[in-house]
Amino acid sequence: MNKIGKVARSLQAFAKEIGRPRADESPTISRTPSIGLALGGGFARGLAHIGVIKVFEEEGIPISFVAGTSVGSVIGAAYCSGMSAKELEEVAGLVRFKHFARWTISRLGVASNDRMAGFLRRVLKCRRFEDLKIPLAVTATDFVSGDAVVFREGDLIDPVRASCAYPGMFLPVNINGKLLIDGLLAHAVPTVPLREMGAEKVVGVYLSAGWVNMNGPRHVFDVIGQCFSIAQQKMCGVWEAAADLVVTPDVRGFSYDGFDRAKELIASGETVARAAMPKIKSWLEHPEPQKAQQAVPGTPLIVRA
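The structure displayed is predicted, hence computed values, not measured ones.

1. Observations regarding helix H4 (residues 85-92)
Buried within H4 we find Ala85, Leu88 and Ala92. Along the axis of H4, the buried residues cluster in a sector spanning 60 degrees; they form a single face. Close packing links the buried residues of H4 with helix H2 (48-58), helix H3 (71-80) and helix H10 (262-285).

2. Topic: the confidence of the model for the protein chain
In this model, the protein chain carries an average pLDDT of 84, and 81% of its residues clear a pLDDT of 70 or more. A low-confidence stretch, residues 291-295 (pLDDT under 50), is modelled with seven contacts involving residues beyond four sequence positions or located in other chains.

3. Some words on the environment of Met83
Here Met83 is to be found in the loop between H3 and H4. The class for Met83 is buried, based on a relative accessible area of 6%. Sequence spacing of Met83 and Val123 is 40 residues, and the spatial spacing of their C-alpha atoms is 8.6 Å. Excluding residues that lie within four positions of it along the chain, Met83 makes contacts with Ala78, Leu88, Val91, Val123 and Lys125.

4. Digging into empty space enclosed by the protein
Taken as a whole and assessed by the stated rule, the structure comprises two cavities of 30 Å³ or more. Estimates place the volume of the largest cavity at around 300 Å³. Along the wall of the largest cavity there are 21 residues; nearest its centre are Val71, Val74, Phe100, Phe119 and Phe259. Listing elements by their share of the lining of the largest cavity, those giving two or more residues are H3, H4 and helix H5 (115-123). Partitioned by chemical class, the residues of the lining of the largest cavity number 20 nonpolar, one polar and no charged.

5. Considering the pattern of salt bridges
Using the criterion set out here, one finds 13 salt bridges in the structure. Between Glu59 and Lys281 there is a salt bridge, and its shortest N-O distance comes to 2.7 Å. Taken together, the residues Glu59 in the loop between H2 and strand S3 (65-69) and Lys281 in helix H10 connect sequence positions 222 residues apart. For Glu59, a relative accessible area of 31% translates into the label partly exposed. Among the residues examined, Lys281 registers a relative accessible area of 27% and is labelled partly exposed. For Glu90, the salt bridge identified is with Lys86, shortest N-O distance 3.6 Å. Pair noted here: Glu90 and Lys86 are both in helix H4, with a separation of four residues, about one helical turn. Glu90 sits in the partly exposed class, given a relative accessible area of 47%. Residue Lys86 is classed as exposed on the basis of its relative accessible area of 56%.

6. A look at the pairing of strand S2 (residues 35-39)
Within S2, five of the five residues are buried, which leaves it mostly tucked inside the rest of the structure. By the alternation rule, side chains of S2 split into Ile35, Leu37 and Leu39 and Gly36 and Ala38, which are all buried. Summarising the sheet, S2 and strand S11 (residues 201-205) pair through five bridges and their orientation is parallel. Bridge assignment links Leu37 to a residue of S11, and that residue is Val203. Strand direction decides the pairing type here: S2 and S3, joined by four bridges, are parallel.

7. Things to note about the nonpolar core
Proteins that are soluble and globular tend to have nonpolar side chains buried together. The biggest cluster of nonpolar side chains holds 79 residues, and the ones touching the most others in it are Leu37, Phe56, Leu136, Phe170, Val203 and Ile280. With nine residues, H10 is the single largest residue contributor to this core. With 15 residues, the next largest nonpolar core counts Phe65, Ala67, Ala199 and Val202 among its residues.

Conventions we followed
- Residues numbered from 1 in each chain as written.
- Predicted model: local features only at pLDDT ≥ 70, side-chain atom pairs only at ≥ 80, totals over all residues.
- Heavy atoms only, no water.
- Buried < 20%, exposed > 50% of the residue type's maximum accessible area, 1.4 Å probe, protein only.
- Helix = DSSP H or I, 4+ residues; strand = E, 2+ residues; numbered from the N terminus.
- Arc of directions from axis to C-beta.
- Contact = heavy atoms within 4.5 Å.
- pLDDT = per-residue confidence, 0-100.
- 1 Å grid on protein atoms, 1.4 Å probe; cavity = no way out; pocket = protein on both sides within 12 Å on 5 of 7 lines; lining within 4 Å.
- Points joined across faces, edges and corners; volume = space filled by probe spheres on them.
- Nonpolar A, V, L, I, M, F, W, Y, C, P; charged D, E, K, R; others polar.
- Salt bridge = Lys/Arg side-chain N within 4 Å of Asp/Glu carboxyl O.
- Pairing = 2+ DSSP bridges.
- Core = buried A, V, L, I, M, F, W, Y, C linked by side-chain atoms within 4.5 Å.

Set out below in structure tokens:
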């Protein structure tokens, strides 16, 4: 009997050793992946983000994380605070450029976006990152160093203002002694912050459009805007590498301050999001085994309207 017991213990130890993962293997988990939504900048064109969110809601696609740059931070903050796509759509139909900007005389810009603070206080259902229903990252750029600044805690309003401080147009925003400007210079589409937050599948929403038509620029803002548009296109490879899917609403022909065309812009977001739905649903219906430490993809699928 003693010999039989020794054999049984040996078999148990052998079975345990066979089932143990090797040192070079990471355990895999088959489950629904967390999805992050990265919302890029584009002034009024950013209303297309609402259309993307609307389709996610209609299709029951859960959003685990959101990151926003410039107008993407405004819409991201409102959505993460608890506003539905329908509520966002209603606000978008009423808002105009004057609700954000106040013309001023300064050597640092021609307008202040301090009016945005009042707008956000009226719209947001909470005003601190810690109280949001969905985790949010807001990106800005340190004007002096050029470094990316990513906000994920504390007060919401000033970080959103800083993220929207478009150089040459809006004054920089001072937060804790740092002059901050538009996040598009550091994170045109904030996919990398989503990875850092833990998103396993990242959808980037890129508002690709030039600021001028074939007739050339109308004023200095068109000159500045076109320069940044060119720079954004050149930097696409950086943030695309952190995305699984990139959707690009067709916002050609819409001006930077065309808030009066909200309905059309939202529709453009809906169109491209519906085109991307089969891919997004496949993540949920047929989840791939996820490594404990998932690698960042290198070639995202790009869907255009």
